[in-house]
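Secondary and tertiary structure notes
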Amino acid sequence: KEKSIIIRKCDAVPPFNYDTAPNQESERLLEEITMELEKASPEALADRQVALKLVSTDGAMLEHLPNIWGDDDEVAWAAMENDAFNLEFVSPRLRGNKDFVLKTVKRDGRALRYASEELLGDREVVLEGVQNAGYELKFASEELRADRELVLVAVKSNCQALAHAADALRVD
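Residues numbered from 1 in each chain as written. Predicted model: local features only at pLDDT ≥ 70, side-chain atom pairs only at ≥ 80, totals over all residues. Heavy atoms only, no water.

Considerations on the environment of Asp147
Where we set the bar: Strands here mean DSSP runs of E at least two residues long; helices mean DSSP runs of H or I at least four residues long; both are numbered from the N terminus. In what follows, residue pairs with any heavy atoms lying within 4.5 Å of each other are defined as contacts.
Structurally, Asp147 is set in the loop between helix H9 (123-132) and helix H10 (148-157). It is 8.3 Å that separates the C-alpha atoms of Asp147 and Ala166, two residues lying 19 residues apart in sequence. The contact partners of Asp147, leaving out residues within four places of it in the chain, are Arg123 and Leu169.

Right, dumping it as structure tokens:
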């Protein structure tokens, strides 16, 4: 019964993603769902169907679920498809998984800030992120902020990225 209540409430929320913010009615429904989660049993929260439905409705629901779902490739990716910023709520293992992070920053380069420190030093990952979100250069490793080609790509996307380039490149 508890699971069906959560799923039914999720079904009532009109679809939205990072391109389309939820309207007031959606916001109200999402708040109701969050309140349901706060009193939900561990069994309901451990249900895969419930987890997938929640993060497909609003990927940020991942924050309210047990940590096992932030480490589950399928559930975590469903949250990324809703909004790449939900990378913040996935496990360290997935934030360090190059394929997972590459797919995520291709959706929205601004998610780069939540990648593992190791991947913030990976040229391919950072290049993908700064192509459409140049300001994310701010989160790249020091070595990559000194990479002329990468900095040019970032600046082409957002001229303010230059503020985060290595000193030698800023005066160049």
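Side note on the nonpolar core
The condition that has to hold: We call a set of buried residues a nonpolar core when its members are Ala, Val, Leu, Ile, Met, Phe, Trp, Tyr or Cys and they connect through side-chain atoms within 4.5 Å of each other. Residue burial is assigned from relative accessible area. The probe radius is 1.4 Å, only protein chains are included, and a residue is buried under 20% of its type maximum, exposed over 50%, and partly exposed in between.
Judged by nonpolar contacts, the single largest core of 52 residues is most densely connected at Leu54 and Leu137. Of all the secondary-structure elements, those providing two or more residues to this core are helix H1 (2-12), helix H2 (24-39), helix H3 (42-45), helix H4 (48-57), helix H6 (73-82), helix H8 (98-107), H9 and H10. Ignoring sequence-local partners within four residues, the contact set of Leu137 consists of Val130, Leu144, Arg145, Leu150, Val151, Ala154, Ala161, His164 and Ala165.

Looking at the side chain of Thr104
Along the chain, Thr104 falls in helix H8. Ignoring anything within four residues of it in the chain, the contact list for Thr104 reads Trp77, Met80, Ala84, Leu87 and Ala111.

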